[in-house]
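Now for the letters of each chain:
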Amino acid sequence: MSTESNNLVSRRGLLRTGAGLLLIAALPPLPGHAAGSSEYRIVAAPARARLAGAGRPETDVWAYDGTIPGSLVRLRQGEPARLVVENRLDQETTVHWHGIRLPNAMDGVPGLTQPPIKPGGSFAYEFTPPDAGTFWYHPHANSLEQLGRGLAGAVIVEEREPVAVDRDLLWLLADWRLTDEGGIASGFGNRMEAAMSGRVGNTVTLNGRVSEAEPVRAGERIRLRLVNGSLARIMALRFEGHRPVIVAIDGQPCDPHEPEGGRILLGPAMRVDILLDMQEEPGRRYGVIDDFYEGLSYRLTQLAYDEQRALREHPLDAPLDLPRNPLPEPDLAAAERHDLTLQGGMMSGMGGMQGGGMMHGMTGMGRDPVWAINGMSMTGDGHAGMEPALTFQRGRSIKLVLRNETAWWHPMHFHGHSLRVLSRNGEPVPHRQWQDTVLMAPKDVVEVAFVADNPGDWMLHCHVMDHQMAGLMTVLRVA
Ligand SMILES: [Cu+2]
């Protein structure tokens, strides 16, 4: 289970991001799915994929159903689903259905919620998704390497009433660190990276390929489901010449709004659904730019208008609101308040790399922690005997104050629940936002609230995989 490795990846690998992107036109359609059924059989196995496009070497990957990304799983809100995962890797795995409020035993955390699936074995995940929206699935065993080698797929839980758009598209974005020969660079679990921004790669794919352009038609309205399936790369997407409207975050509908500064912030594991009206001229092209990292901006793809005349002259006259999901509203007046403080990493001023007296406790395997939550480091992916940091009585409203005392960004993910995001650095968060993955800037203080209505032991961890592995993880119990 150890991902410890002493192979150092050259700094060049980090710095050539953007400049090294190779662009090609041909894109495959989204992978198919079992039509008309909520039953899936998903096989995790080695495969090969042409991530950087035609004329570039293929990459040895680990994939669900042999494709990057894995099979698109389409479920219906409120209808039972059964997903049998078969492990044809040579190591244990599990699948976490990220963001779906499901029974604890189906959550896919090895040791904590299920025994890992052994090589040659399988596990049947059965649950009824209560919420419509955009979710995804990925391993929760040896997560850093298994996700980094390609194991990821999207889950769309369909609304009972479809939303009025011309097309419903999904972009599963992923970040890879490829060698010149097209292989996946070794060095998973690099200790220095784990204490900094994590394993940021050098090649960003859109639905499994580096994308030169995505075809659109003048006049159409698109629902675009963005999923950041990266290990560590944070994205800030700008749609040149267009005004995207955010209608859902992490699968949960919010009040429709334009992103601040026109940039859609997408931390690892986050999803954002946008509506895009294609109001420009046939034949034109507009860049989609990711400029999160200063000086490392690159073009993710282009919106390429075809030559057909506009579908309509004015934007579609239909409501932008998605139907709300049945989330319980926390009672803020009666909520129990708890603080969770993120500590450690480089430049923490707390001796984080050495422990330095900050880490009062540790549980995990094979690694020295460099991060902690409330002074406690849980490392790895999940294992038996993880004691909960906090226990909530079932049905109680809980307010968590998340404090990032570190010098790094952290997308903090809570399993089994969605969190109402109340405030950031003392400012109320508008647009009625619910999230399962809350992106925290250095020194941010974010207040969230939820009803502890889903019994079990639930992980709360950073979704920068190196950070999770190196201690930025805890367990909260609903009893
Ligand atoms: Cu983190």
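Shown above is the structure to which this text applies.
In this numbering scheme, every chain counts its residues from 1 along its sequence in written order. With the structure being a predicted model, the display of local features is reserved for residues of pLDDT at least 70 and the display and counting of side-chain atom pairs for 80 or more, all residues being used for whole-chain, interface and lining totals. As a rule here, side-chain values cover all heavy atoms of the structure and leave hydrogens and water aside.

Peer 1: If you had to explain the overall build of the protein chain to someone new, which residues and values would you point to?
Peer 2: Regarding its fold elements, the protein chain presents four helices and 33 strands. Between buried and exposed lies partly exposed: a residue is buried under 20% and exposed over 50% of the maximum accessible area for its type, with that area taken using a 1.4 Å probe on protein chains only. Taking all 479 residues of the protein chain together, 61% fall into the buried category. Once local pairs closer than 6 in sequence are excluded, the contacts in the protein chain between residues at least 24 apart make up 78%. The Shrake-Rupley method, run with a 1.4 Å probe sphere, supplies the accessible areas, and residue values consider only the shown protein chains as cover. Counting only carbon and sulfur atoms, one obtains 50% of the accessible surface of the protein chain, whose full area is about 17,700 Å². Secondary structure elements follow DSSP: runs of H or I of four or more residues count as helices, runs of E of two or more count as strands, with numbering from the N terminus. Contacts are assigned to residue pairs that have any heavy atoms within 4.5 Å of one another.

Peer 1: If you had to explain the sheet that holds strand E9 (residues 167-176) to someone new, which residues and values would you point to?
Peer 2: Within the open sheet, the six strands sit side by side as E10-E9-E12-E17-E14-E15. Their pairing is mixed. In this open sheet, the two edge strands, each paired with only one partner strand, are strand E10 (203-206) and strand E15 (252-257). Going from strand to strand, the sheet's axes swing by 25 degrees on average, the running direction of each strand aside. One bridge is not enough; two strands pair if DSSP finds at least two bridges between them. Note on definitions: angles span 0 to 180 degrees between N-to-C directions of axes, and those axes are lines fitted to C-alpha atoms, for helices only across the stretch in contact.

Peer 1: Got a sec to walk through the pattern of salt bridges? Specific residues and values, please.
Peer 2: Salt bridge, as applied in this entry: a Lys or Arg side-chain nitrogen positioned within 4 Å of an Asp or Glu carboxyl oxygen. Summed over all chains, the structure comprises 36 salt bridges. In this structure, Arg-299 engages Glu-212 in a salt bridge whose closest nitrogen and oxygen atoms are separated by 3.4 Å. Of this pair, Arg-299 sits in strand E19 (residues 298-305) while Glu-212 sits in the loop between E10 and strand E11 (214-216), and the two are 87 residues apart along the sequence. Overall, the relative accessible area of 31% leaves Arg-299 in the partly exposed class. Residues Arg-477 and Asp-457 are paired through a salt bridge, measuring 2.6 Å at the closest nitrogen-oxygen approach. Taken together, the residues Arg-477 in strand E33 (residues 473-478) and Asp-457 in strand E32 (residues 456-462) connect sequence positions 20 residues apart. A single network of salt bridges, built from pairs that share partners, joins Glu-159, Asp-168, Arg-223, Arg-225 and Asp-273.

Peer 1: Could you give me a rundown of the coordination of the copper ion, with the residues and numbers involved?
Peer 2: Metal coordination angles have textbook ideals: 109.5 degrees for a tetrahedral set of four donors and 90 or 180 degrees for an octahedral set of six. Only nitrogen, oxygen and sulfur atoms within 2.8 Å of the metal, or 3.2 Å for Na, K and Ca, are treated as donors, and water is left out, so sites may look incomplete. Each protein donor to the copper ion is listed here as His-410 (ND1), Cys-462 (SG) and His-467 (ND1); together their distances run 2.0 to 2.1 Å. One chain supplies every donor for the copper ion, spaced along it as H-x51-C-x4-H. Look at His-467 and you get buried, because its relative accessible area is 0%.

Peer 1: For the nonpolar core, give the residues involved together with the corresponding values.
Peer 2: Within the largest apolar cluster, 92 residues are counted, with the highest numbers of intra-cluster contacts made by Val-61, Trp-171, Leu-237, Phe-239, Ile-274, Phe-392 and Leu-400. If you tally residues by element for this core, the top one is E9, at six residues. Residue ranges assigned to each domain were obtained from an automatic or database domain assignment. Residue-level mapping places this core at the junction of two domains, with at least three residues from each of domain 1 (1-324) and domain 2 (336-478). Setting aside anything within four residues of it in sequence, one finds Leu-400 in contact with His-338, Leu-340, Leu-390, Phe-392, Val-446, Glu-447, Val-448, Phe-450, Leu-460 and Leu-476. Core analysis: the next-biggest nonpolar cluster, separate from the first, contains 25 residues, Tyr-40, Ile-42, Ala-81 and Val-157 among them. Residues grouped as a nonpolar core are buried Ala, Val, Leu, Ile, Met, Phe, Trp, Tyr and Cys residues, joined through side-chain atoms within 4.5 Å.

Peer 1: Tell me about the pairing of strand E30 (residues 437-440), and please be specific about residues and values.
Peer 2: Residues Thr-437 and Leu-439 point to one face of E30 and Val-438 and Met-440 to the other, with burial holding for every one of them. Bridge count for strand E26 (residues 410-414) against E30 is four bridges, and the pairing is antiparallel. In the strand pairing of E30, His-413 is matched with Thr-437.

Peer 1: Give me the lowdown on empty space enclosed by the protein, citing residues and values where you can.
Peer 2: Gaps left between atoms are located by rolling a probe of water-molecule size over the structure's atoms. For cavity detection a 1 Å grid was placed over the protein atoms alone, and a set of points counts as a cavity when a 1.4 Å probe fits there but cannot get out; an open set counts as a pocket when protein lies on both sides within 12 Å along at least five of seven lines, with lining residues being those that have an atom within 4 Å of a point. Grid points are joined across faces, edges and corners, and a volume is the space filled by probe spheres set on the points. Following the criterion strictly, the structure yields five cavities of 30 Å³ or more and no others. The calculated volume of the largest cavity comes to roughly 120 Å³. Lining the largest cavity are 15 residues, and of these Gly-150, Ala-152, Ala-174, Trp-176 and Gly-229 lie nearest its centre. Looking at the lining of the largest cavity, the elements that each hand over two or more residues are helix H2 (143-148) and E9. Take the lining of the largest cavity: its biggest share by element is four residues, from E9. For this classification, the nonpolar set comprises Ala, Val, Leu, Ile, Met, Phe, Trp, Tyr, Cys and Pro, the charged set comprises Asp, Glu, Lys and Arg, and every other residue, Gly included, is treated as polar. Classifying every residue of the lining of the largest cavity gives eight nonpolar, six polar and one charged. Taken as a whole, the second largest cavity spans an internal volume of roughly 60 Å³.

Peer 1: Any chance you could break down the sheet that holds strand E18 (residues 285-290) for me, citing the residues and the numbers?
Peer 2: Here five strands make up an open sheet; going across it, the order is E11-E19-E18-E13-E16 and the pairing mixed. The two strands at the open ends of the sheet, each matched to only one other strand, are E11 and strand E16 (264-266). If you compare each strand with its neighbour and ignore which way they point, the axes differ by 25 degrees on average. Of the pairings in the sheet, the one linking strand E13 (residues 235-239) to E16 comprises three bridges and is antiparallel in character. Bridge pairing in E16 links Ala-236 to Leu-265.

Peer 1: Outline the pairing of strand E4 (residues 81-87), supporting the account with residue identities and numerical values.
Peer 2: When you tally the buried positions in E4, you get six out of seven residues, the bulk of the element. Strand direction decides the pairing type here: strand E1 (residues 39-49) and E4, joined by six bridges, are parallel. Within E4, the position partnered with Ala-44 by the bridge is Asn-87. Relative to strand E6 (residues 122-127), E4 runs antiparallel, the two sharing six bridges. Bridging from a neighbouring strand, Glu-86 pairs with Ser-122 of E6.

Peer 1: Could you give an account of the layout of surface pockets, with specific residues and numbers?
Peer 2: Here the largest pocket is characterised by a volume of approximately 700 Å³. Around the largest pocket, the lining is made up of 25 residues, and of these Glu-260, Arg-263, Leu-265, Arg-424 and Gln-433 lie nearest the centre. Going through the elements one at a time, strand E14 (245-249), E16, strand E28 (427-428) and E30 are the ones with two or more residues in the lining of the largest pocket. Grouping the amino acids of the lining of the largest pocket by side-chain chemistry returns 15 nonpolar, four polar and six charged. Built from parts of two domains, the lining of the largest pocket gets at least three residues from each of domain 1 (1-324) and domain 2 (336-478).

Peer 1: Which residues make up the environment of Asn-190, and what values do they have?
Peer 2: Tracing the backbone shows Asn-190 in the loop between E9 and helix H3 (191-194). Polar contact is defined as a pair of N or O atoms within 3.5 Å, subject to the rule that within protein one atom must be able to donate a hydrogen and the other to accept it, and that residues adjacent in sequence are counted only when both atoms are side-chain atoms. Side-chain polar atoms of Asn-190 contact the backbone nitrogen of Met-192, separated by 2.8 Å.

Peer 1: I'd like a description of the environment of Asp-277, backed by residues and values.
Peer 2: Inspection of the secondary structure puts Asp-277 in strand E17 (residues 271-277). The spacing of Asp-277 and Arg-217 is 60 residues in sequence and 9.8 Å in space, taken between C-alpha atoms. Contact partners of Asp-277, with chain neighbours within four places excluded, come to Glu-220, Arg-221, His-242, Pro-315 and Leu-316.

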